[in-house]
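The primary structure of each chain is shown beneath.
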Amino acid sequence: MNASGSPNAASATADDRPGESGDDRSTESDDDRPGESLVVETNGISLHTRQAGPEDGPLVILLHGFPEFWDGWHRQIEPLAAAGYRVVVPDQRGYNRSDKPDGVASYHIEELVADVVGLIDAADRETAAVAGHDWGAVVAWWLALSHPDRVKSLTAVNVPHPTVMEDTLRRSLSQLRKSWYMFAFQVPALPEAISTANNCRVLSRGLTNSSRPGTFSAADLRRYRAAWTQPGAVTAMINWYRAMGRYRPRPPQQQVSVPTLVMWGQQDEFLESTMAEESLDYCDDGRLVTFPSATHWVLHERPEETAEELLAHLDATV
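On a predicted model such as this, the values are computed, not experimentally measured, just so you know.

**Things to note about unusual backbone geometry**
Logical step 1: Geometrically, the link from Phe-66 to Pro-67 is a cis peptide bond, its omega value of -5° lying close to zero.
Logical step 2: Checked against the element boundaries, Pro-67 lands in the loop between β3 (59-63) and α1 (74-82).
Logical step 3: Positive phi, normally seen in glycine, also occurs at Asn-43, with a value near 55°.
Logical step 4: Tracing the backbone through its elements, the reader meets Asn-43 in the loop between β1 (36-42) and β2 (45-52).
Logical step 5: The exposure class assigned to Asn-43 is partly exposed, which follows from its relative accessible area of 34%.
Logical step 6: The backbone phi angle of Arg-248 is positive, close to 45°, even though this residue is not glycine.

**Description of the layout of surface pockets**
Logical step 1: Roughly 630 Å³ of internal volume is contained in the largest pocket.
Logical step 2: The wall of the largest pocket is formed by 23 residues, among which Met-165, Glu-166, Leu-169, Met-244 and Arg-248 lie closest to the centre.
Logical step 3: Broken down by element, the residue count for the lining of the largest pocket peaks at five residues, all from helix α4 (residues 162-171).
Logical step 4: Here the lining of the largest pocket is composed, by residue class, of 17 nonpolar, two polar and four charged.

**Some remarks on helix α8 (residues 218-228)**
Logical step 1: In terms of burial, α8 is a largely internal element, eight of the 11 residues being buried.
Logical step 2: Residues of α8 that are buried include every one of Asp-220, Leu-221, Arg-223, Tyr-224, Arg-225, Ala-226, Ala-227 and Trp-228, and no others.
Logical step 3: Packed against the buried residues of α8 are α1, α7 (190-209), α9 (233-247) and α11 (298-301).

**Structural notes on the pairing of strand β4 (residues 86-90)**
Logical step 1: In terms of burial, β4 is a largely internal element, five of the five residues being buried.
Logical step 2: Going residue by residue along β4, you find Arg-86, Val-88 and Pro-90 tucked away on one face and Val-87 and Val-89 tucked away on the opposite face as well.
Logical step 3: In the sheet, β2 pairs with β4 via four bridges, with the strands oriented antiparallel. Counted as the bridge partner of Gln-51 is Val-88 from β4.

**Structural notes on the pairing of β2**
Logical step 1: Counting buried positions over the eight residues of β2 gives eight, a clear majority of the element.
Logical step 2: Of the two faces of β2, the one holding Ile-45, Leu-47, Thr-49 and Gln-51 and the one holding Ser-46, His-48, Arg-50 and Ala-52 are both buried throughout.
Logical step 3: Across seven bridges, β1 lies against β2 in antiparallel orientation. Bridging across to β2, Val-39 finds its partner in His-48.
Logical step 4: Once β1 ends, the chain turns through two residues before running back antiparallel as β2, passing Asn-43 with a positive phi of about 55°.

Cut-offs and rules
- Residues numbered from 1 in each chain as written.
- Predicted model: local features only at pLDDT ≥ 70, side-chain atom pairs only at ≥ 80, totals over all residues.
- Heavy atoms only, no water.
- Helix = DSSP H or I, 4+ residues; strand = E, 2+ residues; numbered from the N terminus.
- Buried < 20%, exposed > 50% of the residue type's maximum accessible area, 1.4 Å probe, protein only.
- 1 Å grid on protein atoms, 1.4 Å probe; cavity = no way out; pocket = protein on both sides within 12 Å on 5 of 7 lines; lining within 4 Å.
- Points joined across faces, edges and corners; volume = space filled by probe spheres on them.
- Nonpolar A, V, L, I, M, F, W, Y, C, P; charged D, E, K, R; others polar.
- Contact = heavy atoms within 4.5 Å.
- Pairing = 2+ DSSP bridges.

Written as structure tokens, this is what we have:
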């Protein structure tokens, strides 16, 4: 999970200096993005989704992480839809245009998983292929472990199996240092104040400082700022971390039975790359694809390659 609170030093650009172009919080048009926006009722809340592809195609659900929203997968939507898949990409609860229920308990991992089960039900399907990046991968792993009968295949991008993550945090001082922000997010109110100050400068820099140069354009950052400044969004986003820290849930089982693809950008500064291969030990049918020069933001940096690998996985398992 990413460290958008990273204090890495960098010179301010016109997009993150107050009073310049970065102050424009208007929502970028979605006209240049594939699919259509649809609101889906699930698990007692409404989720905004982006959907594409034939309605009768095999269902694929793509789950974003922190601090993104559905747009984090926009480069992969069109290739999947063109291949005949029905692609559903939600703003997960608390994010962007989806509902933001009050309270930390509303972001317990079981609620996040139930949201995805509801998306499968809303599509009138028994199963779906599920792919997730960052926190979306946490939800995807947990879904495959708790509801394997609803998951056709699993793809996890730059987040390890939950048992591997927990074990690594216990034994690796290096990973503990990299995960400092997860502990900082447990503090009330202060993370929100820091994250939203100066037109969300810390969140913007968390993306640009931890990715390859040019990965996130000025237009991309405007889209993200528009999502972050939705009322209640930043608190809801951080509550995902608070819920995990407060309730310390454990998956109902450790072994993943569904076919699993792990994709990993090896220059991830937030997560030890050794956890990617270790995750395969908990998969009955697992495969690892690494991207040596890519960072945590591999979906943005290697869009064609990640789409191709995901398609190959889907074609072999759906």
